[in-house]
Amino acid sequence: MKTMYVRAAIFDFDYTLADSSEGAVECINFALKEMALAEASHESACRTIGLSLKDTFITLAGEAEAQRCDEFSRLFVRRADEVMVGLTTLYESVPATIEELRRQGLMLGIVSTKYRYRIEEILARSSLLHFFEVIVGGEDVKQHKPDPEGLFEAIERLGCSPASVVYAGDSVADAEVSRRASVPFIAVLSGVTERECFDSYEAIAVLDNLSQLPALLSSLSPEHDGPL
């Protein structure tokens, strides 16, 4: 494994830093029911977490309903404003991991399709918001993942180059946005994406959980003297 100078770690949010599956399933099926469409199974709804609302709706309802994407988005957001924050839980290892990365001198950011104001509320609730220099949410970009617009925005605001940051995420969409942005990618198996789904991507590593990230980034540092 080659060494690299990492200035910042940028994260996806859902299924990377937090489990929002209960809230996502609730909001998806609220919207589908209001639209008189068949509700999604728990498994199929969870597999859309991290996609844009448009892609979520088309995935679950099919291309034939694509003209109703705006209606679905409006209903999803309405319900999410009521329940999403309360139904989202940060993973247990996240606070200690974030604190250790900051102790190592890294800047931190988040790029997610989740609305920024919801991410900020969830992090503030756990007294972690101040650790992040930049958060780019779904309302901050015109093009969602796997388009790299949000990732480029975060990198620019951090004052970094793509080669000096890593992007950690749980999904193929996260891997793809990293590839399009030429940003080193770290896969985390905390979501519903299987390990082999990342085989076609040049990930630095595939981690079982985020608690392994500080040691990994420390090992990548040119100052590290031990085996890589």
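That block above? That's the structure.
Residues numbered from 1 in each chain as written. Predicted model: local features only at pLDDT ≥ 70, side-chain atom pairs only at ≥ 80, totals over all residues. Heavy atoms only, no water.

A. View of the environment of I98. Tracing the chain through its elements places I98 in helix α5 (residues 94–103). By relative accessible area, I98 is classed as buried at 0%. Each C-alpha atom, one on I98 and one on A9, is 9.8 Å from the other, the two residues being 89 residues apart in sequence. Setting aside anything within four residues of it in sequence, one finds I98 in contact with F11, L108, F131 and F132. (Helix = DSSP H or I, 4+ residues; strand = E, 2+ residues; numbered from the N terminus. Buried < 20%, exposed > 50% of the residue type's maximum accessible area, 1.4 Å probe, protein only. Contact = heavy atoms within 4.5 Å.)

B. Region of the structure containing unusual backbone geometry. K145 connects to P146 through a cis peptide bond whose omega is 15 degrees. Tracing the sequence through the fold places P146 in the loop between β5 (134–136) and α7 (149–158). Of note in this structure, A36 is not a glycine but carries a positive phi near 60 degrees. Examined against the element boundaries, A36 turns out to sit in the loop between α1 (21–34) and α2 (42–46).

C. Structural detail: the pairing of strand β1 (residues 8–11). With burial as the criterion, each face of β1 is covered, one bearing A8 and I10 and the other bearing A9 and F11. Here 4 bridges tie β1 to strand β4 (residues 107–111), and the two strands are oriented parallel to one another. When the sheet's bridge partners are listed, I10 is paired in β4 with G109. Summarising the sheet, β1 and strand β6 (residues 165–169) pair through 4 bridges and their orientation is parallel. (Pairing = 2+ DSSP bridges.)

Interpretation in functional terms is not warranted from these geometric data alone.
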